[in-house]
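# Structural characterization, general
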Amino acid sequence: QLKEVNKTLIDNDMSQQKDIEIVDVQMYDINEIERSMFKTGDKCIVKISYKVNHPRTGMLFAAGIVRSDGVVFYSMKMRTDKMKALNLSNDGTVTLVIDELTMLPDLYYMDIAIEDSDANVIDYVSGAYTLEMVSEKQEEGISRLKHTWK
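Residues numbered from 1 in each chain as written. Predicted model: local features only at pLDDT ≥ 70, side-chain atom pairs only at ≥ 80, totals over all residues. Heavy atoms only, no water.

## Overview of the sheet that holds strand β7 (residues 92-98)
Remark on secondary structure: sheet strands pair via backbone hydrogen bonds, oriented parallel or antiparallel. What counts is decided by this rule: Criterion used throughout: strands pair if DSSP finds at least two bridges between them. Elements are defined by DSSP. Helices are runs of H or I of four residues or more, strands are runs of E of two residues or more, and each kind is numbered from the N terminus. Orientation is described by axes fitted as lines to C-alpha atoms, over the contacting stretch for helices, and by angles from 0 to 180 degrees between their N-to-C directions.
What the three strands build is an open sheet, ordered β1-β3-β7; its pairing is antiparallel. Looking at the sheet topology across the chains shown, the edges are occupied by β1 (20-28) and β7. Within this sheet the neighbouring strands show an average axis-to-axis angle of 20 degrees, counted without direction. Bridging between strand β3 (residues 44-52) and β7 involves seven bridges; their strand directions are antiparallel. Paired with Lys47 across the two strands is Thr95, which belongs to β7.

Structural data, given as structure tokens:
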């Protein structure tokens, strides 16, 4: 099983401390077992841990999935989903549930961001988690589409 979790997500440039920092990202299957390999069609749970250096209001999280060749597969944003912004005063974790991973076999990276209510980036980690998609079927393309032949 491929496992390349970036456990040191804090930027090496410590000259300016961020108000809120992404400190860890983990992906789990439906049984809450941490994994980095999923089958096309699996459900997954993403847990994003953050550290609060200075309390902030109006914080919104985002997660993007990028294929190994740089193609952006999909971006999930609290802002786009019209979620209520968070007021963060203590360290914590945000959970993102992906009901069905539709990507076809390849290596993918998850990028994570925290933005304020004006869309200013507070913290961003590229490649915060590496995941490998596998499939029992021989399919071609980027994503599995639900379909029926009649």
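## What about the pattern of salt bridges?
Keep this limit in mind: By definition here, a salt bridge exists when the distance from a side-chain nitrogen of Lys or Arg to a carboxyl oxygen of Asp or Glu is within 4 Å. Type-normalised accessible area, obtained with a 1.4 Å probe on protein chains alone, sets the label of each residue: buried when under 20%, exposed when over 50%, and partly exposed for intermediate values.
Applying the stated criterion across every chain yields a total of ten salt bridges. Salt-bridge contacts for Lys47 lead to Glu32; the nearest nitrogen and oxygen are separated by 3.2 Å. One end of the pair, Lys47, is in strand β3; the other, Glu32, is in the loop between β1 and β2 (37-39), with 15 residues separating them in the sequence. Relative accessible area serves as the criterion here: at 25%, Lys47 is assigned to the partly exposed category. Residue classification places Glu32 among the partly exposed residues on the basis of a relative accessible area of 46%. Close ionic contact of Asp116 with Arg56 constitutes a salt bridge, the shortest N to O distance being 3.5 Å. Of this pair, Asp116 sits in the loop between β8 (106-115) and β9 (121-134) while Arg56 sits in strand β4 (residues 56-67); the two residues are 60 residues apart in sequence, bridging distant segments of the chain. Since its relative accessible area comes to 8%, Asp116 is described here as buried. A relative accessible area of 23% places Arg56 in the partly exposed class.

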